[in-house]
Amino acid sequence: MAFSGFGRDALPFFAGLEADNSKAFWTTHLSTFETAVRAPMKAFVEEVDHSFRPLVIFRPHRDVRFAKDKSPYKTHIGAVGELEGGSIVYVQLSRRGLMAACGYYMMATDQLERYRAAVADDRTGPQLESAIAEVTKAKLTVSHGGGEPLKTAPRGYPRDHPRIGLLQWKGVIGAREFGAPSWLYGPGALKQVQQVWRSTAPLCSWLDTHVGPSTTMPDDLRERF
């Protein structure tokens, strides 16, 4: 099936699921999820440019084994892929609309060591600042990803380092929150997401060159988000 946009019932479905995250709601509205959410996302990942493949769609059920929040269903749908150099591409749909991102969401210990060394270096550190400026100029937001930044300097680095803010980060991603524009419900959504991924190239290139994939992180991409 060719991607023709997400269903107009997708966002109301997620709004309802946030209000009533129960098996009863899920069962009653399962057909809406399948037709307005899952089927379009499946078509999306099958039609995406080969340079971003393969993408894996996350399952809708939450892993609540060790969570205080026992709500059984995710209130969004996401798909993720790993580029050749190690950067992660991600797309997500929720009641707030569409979001696309690329980068290193939460770095493993070995990645953090390489990242911090490159940030601190007076040759490669400014290159990251330039990459961030270029991505920001493309109207994307660059942030620290999924891990809360350190409140002080990492061990072994001075607190007055000129790039202390970046040294405190545990992840680096470039992203755009689209909301729910009219093109969300048409084939143009695919183009918009891929443009975000392409616009993060300066940032992801720096990360792939100076950080790269973890040698300790699980291979299953679902562990990364």
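Keep in mind the model is a prediction, meaning the values are calculated, not measured.

Engineer: Any chance you could explain the pattern of salt bridges here in plain terms?
Structural biologist: Two side chains with opposite charge may pair up if their charged atoms get near one another. By the definition in use, this model includes eight salt bridges. Of the charged contacts in the structure, one is a salt bridge between aspartate 49 and arginine 198, with a shortest N-O distance of 3.9 Å. Within this pair, whereas aspartate 49 is found in the loop between α3 (30–47) and β1 (56–57), its partner arginine 198 is found in helix α7 (residues 188–199), the two being separated by 149 residues in sequence. When its relative accessible area of 41% is taken as the criterion, arginine 198 is described as partly exposed. Across the pair aspartate 63 and arginine 65 runs a salt bridge, and its minimum N-O distance is 2.7 Å. Look at aspartate 63 and you get partly exposed, because its relative accessible area is 38%. Take arginine 65: its relative accessible area is 61%, and that puts it in the exposed class. Each of Glu18, Arg95 and Arg96 takes part in a single network of salt bridges with overlapping partners.

Engineer: Would you mind showing me how to read the packing of helix α5 (residues 124–137) against helix α8 (residues 201–210) here?
Structural biologist: For any two helices packed against each other, the geometry comes down to the angle between their axes and how far apart the axes lie. Their axes nearest at 8 Å, the elements α5 and α8 cross at an angle of 155°. Between α5 and α8, the interaxial angle falls into the category roughly antiparallel. Judged by residue contacts, Thr124, Gln127, Leu128, Ala131, Ile132, Glu134 and Val135 of α5 engage Pro202, Leu203, Trp206 and His210 from α8. Classifying every residue of the contact of α5 with α8 gives seven nonpolar, three polar and one charged.

Engineer: Quick question: what am I supposed to make of the sheet that holds strand β5 (residues 141–143) here?
Structural biologist: Working definition: the strands of a sheet are paired by backbone hydrogen bonds and lie parallel or antiparallel to each other. Strand order across the open sheet formed by six strands is β1-β2-β3-β4-β6-β5, with antiparallel pairing between neighbours. With partners counted over all chains shown, the strands left at the sheet margins are β1 and β5, one partner each. Bridge count between strand β4 (residues 97–104) and strand β6 (residues 172–179): seven bridges; the pairing is antiparallel. Each residue of the ladder has a partner; that of tyrosine 104, found in β6, is valine 172. Strands in contact with α3 are β1, β2 (76–82) and β3 (88–94); relative to β2, the strand with the most contacts, it is inclined by about 10°.

Engineer: Where do I start with the environment of glutamate 177 in this structure?
Structural biologist: With respect to the helices and strands, glutamate 177 occurs in strand β6. Put simply, glutamate 177 and alanine 189 are 12 residues apart on the chain and 13 Å apart in space, counted from C-alpha to C-alpha. Beyond its immediate sequence surroundings of up to four residues, glutamate 177 is in contact with Leu98 and Met99.

Engineer: In this structure, what is going on with the nonpolar core? I would like to understand it.
Structural biologist: If you look at soluble globular proteins, the nonpolar side chains tend to sit buried side by side. Ranked by internal contacts, the top residues of the largest apolar core, which has 59 residues, are Met41, Phe44, Leu55, Leu93, Leu98, Tyr115 and Trp197. Tallying contributions element by element places α3 first for this core, with seven residues. For tryptophan 197, the residues in contact, after removing those within four places along its chain, are Phe44, Val48, Phe52, Leu55, Val89, Tyr90, Val91, Ala100, Ala101 and Cys102. In this structure, Val80, Ile88, Tyr90 and Met99 belong to the second largest nonpolar core, which totals seven residues.

Engineer: How do you make sense of the confidence of the model for the chain when you look at a structure like this?
Structural biologist: Detailed conclusions should not be drawn from predicted coordinates in areas where pLDDT is low. In this model, the chain carries an average pLDDT of 94, and 96% of its residues clear a pLDDT of 70 or more. Low pLDDT (under 50) marks residues 219–225, which in the prediction has 17 contacts with non-local residues, meaning those over four places away or in another chain.

Engineer: Explanation requested: the pairing of β3 in the structure shown.
Structural biologist: Where a strand is regular, its side chains alternate between the two sheet faces. The buried fraction of β3 is high, at seven of seven residues. Covered by surrounding structure in β3 are Ile88, Tyr90, Gln92 and Ser94 together with Val89, Val91 and Leu93, the residues of both alternating faces. In the sheet, β2 pairs with β3 via seven bridges, with the strands oriented antiparallel. The residue of β3 that forms the bridge with alanine 79 is valine 91. Counting the residues that bridge the hairpin from β2 to β3 gives five residues, and of these glycine 86 lies at a positive phi of roughly 120°. By the bridge criterion, seven bridges tie β3 to β4 in an arrangement that is antiparallel. Looking across to β4, one finds that isoleucine 88 is bridged to glycine 103. Counted along the chain from β3 to the antiparallel partner β4, the turn is two residues long.

Engineer: I keep staring at the side chain of histidine 161 and nothing clicks. Help me out?
Structural biologist: As for its placement among the helices and strands, histidine 161 is situated in the loop between β5 and α6 (164–167). Here histidine 161 falls in the buried class, since its relative accessible area comes to 11%. Within the structure, histidine 161 has its side chain in polar contact with the backbone oxygen of alanine 120 (distance 3.3 Å). Within the structure, the side chain of histidine 161 is placed 2.9 Å from the backbone nitrogen of arginine 163, a separation counted as a polar contact. With residues near it in sequence (within four places) discarded, histidine 161 still touches Val119, Ala120 and Leu167.

Reading guide: rules and limits
- Residues numbered from 1 in each chain as written.
- Predicted model: local features only at pLDDT ≥ 70, side-chain atom pairs only at ≥ 80, totals over all residues.
- Heavy atoms only, no water.
- Salt bridge = Lys/Arg side-chain N within 4 Å of Asp/Glu carboxyl O.
- Helix = DSSP H or I, 4+ residues; strand = E, 2+ residues; numbered from the N terminus.
- Buried < 20%, exposed > 50% of the residue type's maximum accessible area, 1.4 Å probe, protein only.
- Axes fitted to C-alpha atoms, helices over the stretch in contact; angles between N-to-C directions.
- Parallel < 35°, antiparallel > 145°, perpendicular 65-115°, else oblique.
- Contact = heavy atoms within 4.5 Å.
- Nonpolar A, V, L, I, M, F, W, Y, C, P; charged D, E, K, R; others polar.
- Pairing = 2+ DSSP bridges.
- Core = buried A, V, L, I, M, F, W, Y, C linked by side-chain atoms within 4.5 Å.
- pLDDT = per-residue confidence, 0-100.
- Polar contact = N/O pair within 3.5 Å; in protein donor to acceptor, adjacent residues only side chain to side chain.

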